[in-house]
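# Analysis of the macromolecular model
What follows is the residue order along each chain.
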Amino acid sequence: MGYESRMAQSFADALVLPLYQRSKYILFSDCHRGDGRADDNFLKNEFIYLAALKYYDQYQFTYLELGDGDELWENRSMETIKEMHTHSFEMLSRYHNSGRLYMVYGNHDMAKKDASFQKKYFCEHSVCPGLRFYPGIILEDSFGRKNIYLTHGHQAGIMNSTFWKINRFLVRHVWKNLELAGVPDPTSAAKNHTRKEKTEKRLSGWAKEQDVILITGHTHRPMAGTAQSPYFNTGSCVHPAGITGIEIENRCITLVKWSLGTRDGQSVYVKREVLGGPVGIDAYV
């Protein structure tokens, strides 16, 4: 099965949500929430992440997480991750309880696609009870102009999709230890430049061929589409300089960054800045 077939299969089972003029969505991906140890790359940005989610909650955005929310390749216990990042899961629960939380699974949290996993870790007595995870989400444009397709993006590579368990084994038993010694994982689209370029080329090409707007994560490289390119990337929440995401509001797509800033008097605050856009959906009609 080629990547085109894997992409088609993901959207055949996708959740469909409405996209109205008044709709407000915030998209983050690749949080890689870990267990709090030295290799938990999310930990250093959790304060920024919480500040961003409080902002979007205040303005009634719906939160869409596009995969790799939790690091389940390096870590075996979802409960340990939830316990370590209690504040983040409490915030996610606020969105979930108000019907404003939907999640896609990626290669690093592929285990979430199993109903048994969902039942075990998101049961009625846990945070986000009944939470489901999807292979993709389609935002259906109420004007009938152009739909927006959302998925993680790991489908572009066979080792991160069909043979993901092999990659998980290598990460757990080989690359995790070598990375602590400074050797990057060559199988990762986020850490290997050649794989990153190949993945983005495939995803961008698929979007053009299917004549849809496509938003993914996976490569950790934030990307704002243009009127000529219908491919966007959320980036990640584990970058040393902050977190990036995509806002969809008034049927426009905007790439944003949240990071720490300083004011006069040396006070520190969390700031939002626009990296790209807004690009209107109608630009692609």
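Residues numbered from 1 in each chain as written. Predicted model: local features only at pLDDT ≥ 70, side-chain atom pairs only at ≥ 80, totals over all residues. Heavy atoms only, no water.

## Structural notes on the packing of aromatic side chains
- A full pass over the atoms with the stated rule returns 17 aromatic pairs.
- Geometrically, the ring pair formed by Phe28 and Tyr49 is tilted, given 6.1 Å between the ring centres and 55 degrees between the ring planes. Placement of Phe28 in strand 2 (residues 24-28) and of Tyr49 in helix 2 (residues 46-58) is noted, with a sequence separation of 21 residues between them. For the residue pair Phe28 and Tyr49, the accessibility class agrees, reading buried in each case.
- Cluster of aromatic residues (ring-pair linked, three or more members): Phe28, Phe42, Tyr49, Tyr55, Tyr56, Tyr59, Phe61, Tyr63, Tyr95 and Trp258.
- It is Arg100 that lies over the ring of Tyr95; its NZ or CZ is 4.8 Å from the centre.
- Just above the ring of Tyr269 sits the side chain of Arg263; from NZ or CZ to the centre is 3.9 Å. (Phe/Tyr/Trp six-rings, centres within 6.5 Å; stacked < 30°, edge-to-face > 60°. Helix = DSSP H or I, 4+ residues; strand = E, 2+ residues; numbered from the N terminus. Buried < 20%, exposed > 50% of the residue type's maximum accessible area, 1.4 Å probe, protein only. Lys NZ or Arg CZ within 6 Å of the ring centre and 35° of its normal.)

## Looking at the layout of surface pockets
- Roughly 310 Å³ of internal volume is contained in the second largest pocket.
- In terms of lining residues, the second largest pocket is bounded by 14 residues, among which Arg6, Gln9, Ser10, Tyr105 and Lys113 are the most central.
- Per-element tally for the lining of the second largest pocket: the top contributor is helix 1 (residues 3-12), with 3 residues. (1 Å grid on protein atoms, 1.4 Å probe; cavity = no way out; pocket = protein on both sides within 12 Å on 5 of 7 lines; lining within 4 Å. Points joined across faces, edges and corners; volume = space filled by probe spheres on them.)

## Here we look at the environment of Thr199
- Tracing the chain through its elements places Thr199 in helix 7 (residues 193-210).
- On a C-alpha basis, the gap between Thr199 and Gly217 in space is 11 Å, while along the polypeptide they are 18 residues apart.

## A word on a nonpolar patch on the surface
- Taken together, the side chains of Phe47, Leu260 and Val268 present a nonpolar region at the surface, about 330 Å² in accessible area.
- Secondary-structure assignment places Val268 in strand 12 (residues 268-280).
- The exposed category is assigned to Val268, whose relative accessible area is 57%. (Patch = residues over 30% accessible without salt bridge, like charges linked within 9 Å, V, L, I, M, F, W, Y side chains within 5 Å. Areas by Shrake-Rupley, 256 points an atom, 1.4 Å probe, with all protein chains shown as cover. Salt bridge = Lys/Arg side-chain N within 4 Å of Asp/Glu carboxyl O.)

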